[in-house]
Amino acid sequence: MTTSPDTQSSALHVADSHDVIRVHGARENNLKDVSVEIPKRRLTVFTGVSGSGKSSLVFSTIAAESQRMINETYSTFVQGFMPPVARPEVDVLEGLTTAIIVDQQRMGADPRSTVGTATDANAMLRILFSRLGKPHIGSPAAFSFNTASVRASGGITVERGADKTRTVKATFSRTGGMCTRCEGRGTVSDIDLTQLYDDSKSIAEGAFTIPGWKSDSFWTVRLYAESGLLDPDKPIRKFTKKEMQDFLYREPTKVKVEGVNLTYEGLIPKIQKSFLSKDKEAMQPHIRAFVERAVTFTTCPECEGTRLSEAARSSKIKKISIADACAMQISDLAEWVRGLDEPSVAPLLTTLQDTLDSFVEIGLGYLSLDRSSGTLSGGEAQRVKMIRHLGSSLTDVTYVFDEPTIGLHPHDIQRMNDLLLRLRDKGNTVLVVEHKPETIAIADHVVDLGPGAGTAGGTICFEGTVGGLRAGGTVTGRHLDDRAALKETVRKPTGTLELRGATTNNLQSVDVDIPLGVLCVVTGVAGSGKSSLIHGSIPAPEGVVSIDQGAIRGSRRSNPATYTGLLDPVRKAFAKANGVKPGLFSANSEGACPNCNGAGVVYTDLAMMAGVALTCEECEGKRFQASVLEYQLGGRDISEVLAMSVAEAEEFFGAGEARTPAAHKILERMADVGLGYLTLGQPLTTLSGGERQRLKLATHMAEKGGVYVLDEPTTGLHLADVEQLLGLLDRLVDSGKSVIVIEHHQAVMAHADWIIDLGPGAGHDGGRIVFEGTPTDLVAARSTLTGRHLAAYVGA
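Residues numbered from 1 in each chain as written. Predicted model: local features only at pLDDT ≥ 70, side-chain atom pairs only at ≥ 80, totals over all residues. Heavy atoms only, no water.

Engineer: Please explain the overall build of the protein as it appears in this structure.
Structural biologist: For the protein, the count of helices and strands is 29 helices and 27 strands. For 796 residues, the compact-globule formula gives about 28 Å, and the C-alpha radius of gyration of the protein, at 30 Å, lands near that figure. The dimensions of the protein, computed from C-alpha atoms along their principal axes, are 100 × 80 × 75 Å. Going through the 796 residues of the protein one by one, you find that 49% of them count as buried. For the protein, the proportion of contacts with a sequence separation of at least 24, taken over those separated by at least 6, is 66%. Of the roughly 37,300 Å² of accessible surface on the protein, 50% is carried by carbon and sulfur atoms. Charged side chains of the protein number 84 positive and 95 negative; the gap between the two group centres comes to 6 Å. (Helix = DSSP H or I, 4+ residues; strand = E, 2+ residues; numbered from the N terminus. Rg over C-alpha atoms; globule rule 2.2 N^0.38 Å. Buried < 20%, exposed > 50% of the residue type's maximum accessible area, 1.4 Å probe, protein only. Contact = heavy atoms within 4.5 Å. Areas by Shrake-Rupley, 256 points an atom, 1.4 Å probe, with all protein chains shown as cover. Lys, Arg positive; Asp, Glu negative; His and termini not counted. Charge placed at Lys NZ, Arg CZ, Asp CG, Glu CD.)

Engineer: In this structure, what is going on with a negative patch on the surface? I would like to understand it.
Structural biologist: Together, Asp-16, Asp-19, Glu-37 and Glu-463 line one region of the surface with negative charge. Relative to the elements of secondary structure, Glu-37 occurs in strand S2 (residues 34–39). In this structure Glu-37 comes out as partly exposed when scored by relative accessible area, which is 42%. (Patch = residues over 30% accessible without salt bridge, like charges linked within 9 Å, V, L, I, M, F, W, Y side chains within 5 Å. Salt bridge = Lys/Arg side-chain N within 4 Å of Asp/Glu carboxyl O.)

Engineer: What am I meant to see in the packing of helix H5 (residues 121–132) against helix H13 (residues 346–361) here?
Structural biologist: Each pair of packed helices can be described by the angle between their axes along with the distance between the axes. It is at 10 Å that the axes of H5 and H13 come closest, and there the two elements cross at 150°. What the angle tells us is that H5 and H13 run roughly antiparallel. The interaxial crossing formed by H5 with H13 has left-handed handedness. Every residue of H13 that contacts H5 at Ala-121, Met-124, Leu-125, Ile-127 and Leu-128 is listed here: Leu-348, Leu-349, Thr-351, Leu-352 and Thr-355. Considered class by class, the residues forming the contact of H5 with H13 number 8 nonpolar, 2 polar and no charged. (Axes fitted to C-alpha atoms, helices over the stretch in contact; angles between N-to-C directions. Parallel < 35°, antiparallel > 145°, perpendicular 65-115°, else oblique. Left-handed = near helix turned anticlockwise from the far one by under 90°. Nonpolar A, V, L, I, M, F, W, Y, C, P; charged D, E, K, R; others polar.)

Engineer: What exactly am I supposed to notice about H5 here?
Structural biologist: At 3.6 residues per turn, the α-helix brings residues three or four places apart onto the same side. With 12 residues, H5 extends 16 Å from end C-alpha to end C-alpha; this agrees with the ideal 16 Å at 1.5 Å per step. Summarising burial for H5: 9 of the 12 residues are buried, a large majority. Burial in H5 covers these residues: Ala-121, Asn-122, Met-124, Leu-125, Arg-126, Leu-128, Phe-129, Ser-130 and Leu-132. Where H5 is buried, its residues touch helix H4 (115–119), strand S12 (316–317), strand S13 (320–321), helix H11 (322–327), helix H12 (330–338) and H13. (Expected span 1.5 Å × (residues − 1).)

Engineer: I tried to follow unusual backbone geometry on my own but got confused; where do I start?
Structural biologist: Most of the time, phi is negative for any residue but glycine, and the peptide bond is trans. Backbone torsion omega between Lys-134 and Pro-135 reads -5°, so that peptide bond is classified as cis. Note the cis peptide between Gly-759 and Pro-760, where omega equals 0°. Looking at the secondary structure, you find Pro-760 in the loop between strand S26 (754–759) and strand S27 (768–773). For Arg-41, which is not glycine, the phi dihedral falls at a positive 55°.

Engineer: What's the story with the state of the cysteines in this structure? I'm lost.
Structural biologist: Here is the idea: a disulfide is a covalent bond, and it sits between the sulfur atoms of two cysteines. If you walk through the whole model with that rule in mind, you get 0 disulfides. Unpaired in terms of disulfides, Cys-619 finds its nearest cysteine sulfur in Cys-616, a separation of 3.7 Å. (Disulfide = S-S within 2.5 Å.)

Any functional reading would require information beyond the geometric quantities listed.
What follows is the structure, given as structure tokens:
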């Protein structure tokens, strides 16, 4: 029997049957054999408490496998230049499409990386100025602050055939736009010598004030004292000109001290190598404080912070140089480019215009192209990465977003939702990990993971529509319509922190009194000047503890126990109980398993393929020598303690033989911020963004500060956890602390004692105080965007 053409056209084509991404048996991190079907060409939101397994399913399983399979289509030669991606722990993954990941990873903090260089807008501007700029100074490289001018001349040997060689004189030159004084950084550093030594003392009298430089240290102080180049008994202020030159700037020189050959080097280069070349965030607190005191960064006097050479700044289009263009607010720059009409560069102008308009459309029109990319918040960085995808003609692509509403005011969330829906409507699959109810509400499909976090999570609690989630009875469903109420009574301030004439970034000479002894929330649309006011204007004396959104740095050997300092009292307790050295109980020191060097796994590098990590056969992944595991405290060895959850360990170290007050205090703080489920030995690299933020908060709570500054502490927090955070903020205030929170979450605003609202817009449309007062007054007035959204939230 033959089928008529009409019947064929009405039947489903076999190519149209692949309309789901099918995951079966996913076991990455804490996932427990998860199986799920995700509809294609729809917007799917993944919800669940922080640490429930959302990122493990979306990023570490679906997106990672898509990326790995695309990489395998290239030759092994090309794969050698790509980061290797391991195959995720999953039985079946079907229906995958090309995944484009738009995550919250901060952009590199390299001083030469700016918003313009990160988005190619700067490259297009350089071509534009090299074609239209007057006077003409050279190629696009002449306008690049990352390209130095180079000139060379000499002889080159040319070989032609067996015996024909001749020397030819050649010259080479390249004009770059880099400022020679600051080398394209825009700032110059200067070392304050008064922070390095007391010049009224001699070296023998202990003149050095550098942390860790003890008078008996063979490699530092004694090297200077016994080098033979300086008089160790003469006060430094009485050094001759030559002695001062040798003391501060001498090139590395071999000297003999007590029969040992050592390298003597001037103090300035030695400090630069030992302190300034290292990442400041990874330093111990007292070392970081020293570096911040000793090193001052000032705007480069030669290029005035533009990073560009004088020649690059002299070439102009309609009286605007490339430095002027990069310093403009992007919304203004878009208008300027729109006014250029030059047929010879029409395609370039169109592309540049589209890129700048995308900035404005995505809510980043308040930035400038010369803004350092390292200063962008996680939310801003994520939206900058979105720009290249907005005008893309690609369809049937899987876009993966990690909490795209982070750092967005309620007013801006609608704009982000529209962008997500636009990507879906072009025929793409959009996967979003999200906590905000406004974004969950627009989902076509919801996957809720849980029920708890860590080992208590990793299962699918609900799949279906938003309406089904509300009625489903899961943690997310129950809290989806939660609304914090305005407080009936607010605390009275115990004092004020006066800020006068604040002009950092876009602040317009702001005068404000920040109340102390209360919970003060600073709000406003993204780019209105909140961070500039708090981080840029509040002086940082002793007593101000600032907890920003910066990433926690640490290797795979770092874990919550090492990061919080918990391991120190634990090691001492084990050492005291067993009469041995504390170093034995460190997997990075004497107690480490010799086979895996305390890593617990043995890594095999397979070049362009993902390396293989196998559990160490000798210690069975416990990381310690067998002899160390014989020592016990309260009936547990050190590996068993590191395998405990925070809640278990809090009970273990709180009473009985293992009672250790110092360890118990740290564990209490970790439990207070909602990390009771974390394992003490879990690598930091496996923690979610919300978990890292709270771990940082737990660590800083130990500091003796009177004023706590928190930057969006609800980042990565589930709706159910926000209530716990509010309780923690209350406890901090009730203990006598002053808490200043930069926040967009309406629950935190409603819970505040005092609100400072900035605006009314972003960039040069913001930078002003538009409201100061209690949340009740803000809702009653409805005079600002924040007031109107908060009123809608509390149902007033």
